Amino acid sequence: MFNGNSKRPPETLPGARPVRLTADRGANSAYMAMRDRIQQRLLAELSPGVTRSDTAEVRRVVERIFNETTAELGLPLSRLERNDIFDLVLADILGYGPLETLLHDDTVTEVLVNGPDHVFIERSGKLEETDIKFRDNDDVLRIVERIVAPLGRRVDESSPMVDARLPDGSRVNVIIPPISLVGPAISIRKFPKHALTPDELIKKGAFTPGIAEFLKACVTARLNVVVSGGTGTGKTTVLNALSSYIPDGDRIVTIEDAAELRLQQRHVVRLEARPANVEGKGHISIRHLVINALRMRPDRIVVGEVRGGEALDMLQAMNTGHDGSLTTVHSNNARDTLRRVETMVLMAGMDLPLRAIREQIASAFDLIVHLLRLADGTRKIVQISEVQGMEGDTIVMQDIFQFVQTTVENGKVQGYFTPTGVRPKFYEKLESAGLYIQPSTFMPTEPARFRR
């Protein structure tokens, strides 16, 4: 029998072990009646001052009421079922309800809630629907409130959209009715327990050791690098890996909308944007932070993502002595990255001629690293391009490395990484920094088929 002398420590959150109840059990009326009865008693007995951080006290109350309620109802439950139901109830009080087990599953990279009846997950780059269901919209909203409240954020009809993050850094976006017609929608991009290193990315097939050596030289030599790609292609993961090449002696200022970067260097100042409060005041944008970062004596500025007028300030920083900066941009390919930056500079509201903007971009950016999520869910660097300068009114670019897809076998994309045969113009800059890369690194080789 499950009792107050359980050996599980009070600080252990629900979901630490998988809950074994099936969807059929969750739909069982007797189970639902017991669960609702326990929750009603908890709401009546728990002190209003008790918060989710008071894990030990809440757990003791939950455990006592749970044992009393199951005894009153006289449900024939095995010890295994009692433990599972207790974990589910505790997850509703201390954790994130039905989502708790998904958040503790390391194989799940994203959790997507489309109203109370449809919960999807991403695993190995592929989406699949789960059998998890909420009771109703209010049940989903309770989880939403538990996510946003500790951050001082709010979500209601007057402000139906919010960005937040979980304690482990996982990024959360919430949108509720009347904007969402399917009920409250939650998108959770899970934060890995540790940032993937370049070596781990090589093992996953994201790029090759030769490309890693080249990128390390570029970051060490203080080239300005832009990581581009679509949603979910791994831009932040690669940015984290590239940042590991920054020397420990450099002062780094990171700027993010929601803090995700994990830099291992000691001299790092982390800045995070802030939305407006209930009164519509106190908004601190990425652009404000970029401007302020220039006054903080940074050796390197790392912007988690450029998506608006801050692009102009980022270009100014790269062109005024802050070499070695890193950032990410949403785009479809390397060339499209430059067009996107042009558009974002215009969003700054400055009346600049297009040629002047392009000259700023050509002068600021040295390298564009473009990522793609392939049909089998794998993520790879598919294009590394040098920004060589201006030719007339056009920015000249040249691919240095690329991934060539050959075929698809058994649902797996097959292909190979290859240099294009062009040595970058900034090679002399690498040499002046005391870095030497074998000339053979840039020579095309016989296509060796890549298998993951």
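Everything below is about the structure shown above.
Colleague: What am I meant to see in the environment of Q265 here?
Modeller: Following the sequence through the fold, Q265 ends up in the loop between strand 8 (252-256) and strand 9 (268-272). Sequence-wise, Q265 and Y245 are 20 residues apart; in three dimensions their C-alpha atoms are separated by 9.7 Å. Apart from residues no more than four positions distant in its own chain, Q265 is found in contact with S243, S244, I246, P247, D248 and I252. Within the structure, Q265 has its side chain in polar contact with the backbone oxygen of S243 (distance 2.7 Å). Polar contacts involving the side chain of Q265 include one to the main-chain carbonyl oxygen of I246, which spans 2.9 Å.

Colleague: Help me understand the side chain of T233, please; the structure alone is not making it clear to me.
Modeller: Tracing the backbone shows T233 in the loop between strand 7 (225-229) and helix 9 (235-243). Discounting residues that sit within four places of it in the chain, T233 has contacts with L371, L372, R373 and R379.

Colleague: Explanation requested: the pairing of strand 1 (residues 108-114) in the structure shown.
Modeller: Side chains on a regular strand alternate between the two faces of the sheet. Buried residues dominate strand 1, accounting for five of its seven residues. Here strand 1 runs beside strand 2 (residues 119-123); their pairing, made up of five bridges, is antiparallel. From the neighbouring strand, L112 faces strand 2, where its bridge partner is F120. If you look at the hairpin formed by strand 1 and strand 2, you'll find four residues sitting between the two strands, and G115 has a positive phi there, around 80 degrees. Alignment of strand 1 against strand 6 (residues 185-189), held across five bridges, turns out to be antiparallel. Paired with V111 across the two strands is I188, which belongs to strand 6.

Colleague: What should I look at first to understand the sheet that holds strand 6 in this one?
Modeller: Backbone hydrogen bonds are what pair the strands of a sheet, in a parallel or an antiparallel way. Spatial ordering of the open sheet is given by 3-2-1-6-5-4, a layout of six strands whose pairing is antiparallel. The open sheet has two edge strands with one neighbour each: strand 3 (126-129) and strand 4 (161-165). Pairwise comparison of adjacent strand axes, ignoring direction, gives a mean angle of 15 degrees for this sheet. Relative to the sheet, helix 6 (residues 137-148) contacts strand 1, strand 4, strand 5 (171-175) and strand 6, its axis offset from that of strand 4 by approximately 55 degrees.

What counts, and at which threshold
- Residue positions are given per chain, counted from 1 along the sequence in the order it is written.
- Thresholds applied to this predicted model are a pLDDT of at least 70 for local features of residues and 80 or more for the giving and counting of side-chain atom pairs; totals over whole chains, interfaces and linings are not thresholded and use all residues.
- Heavy atoms from the whole structure form the basis of all side-chain values; hydrogens and water molecules are not counted.
- Helix and strand definitions here come from DSSP, where helices need a minimum of 4 consecutive H or I residues and strands a minimum of 2 consecutive E residues; each element is numbered from the N-terminal end.
- Only heavy atoms enter the contact rule, under which two residues are in contact if any of them lie within 4.5 Å.
- In the analysis that follows, any N or O atom pair within 3.5 Å is treated as a polar contact, provided that within protein one partner can donate a hydrogen and the other can accept it, and provided that, for residues neighboring in sequence, both atoms belong to side chains.
- Three labels apply to residues, based on accessible area from a 1.4 Å probe with only protein chains included: buried if under 20% of the type maximum, exposed if over 50%, partly exposed otherwise in between.
- Pairing between strands is defined by DSSP: at least two bridges between them are needed.
- Think of each axis as a best-fit line through the C-alpha atoms, taken over the contacting stretch in the case of a helix, with angles from 0 to 180 degrees between the N-to-C directions.

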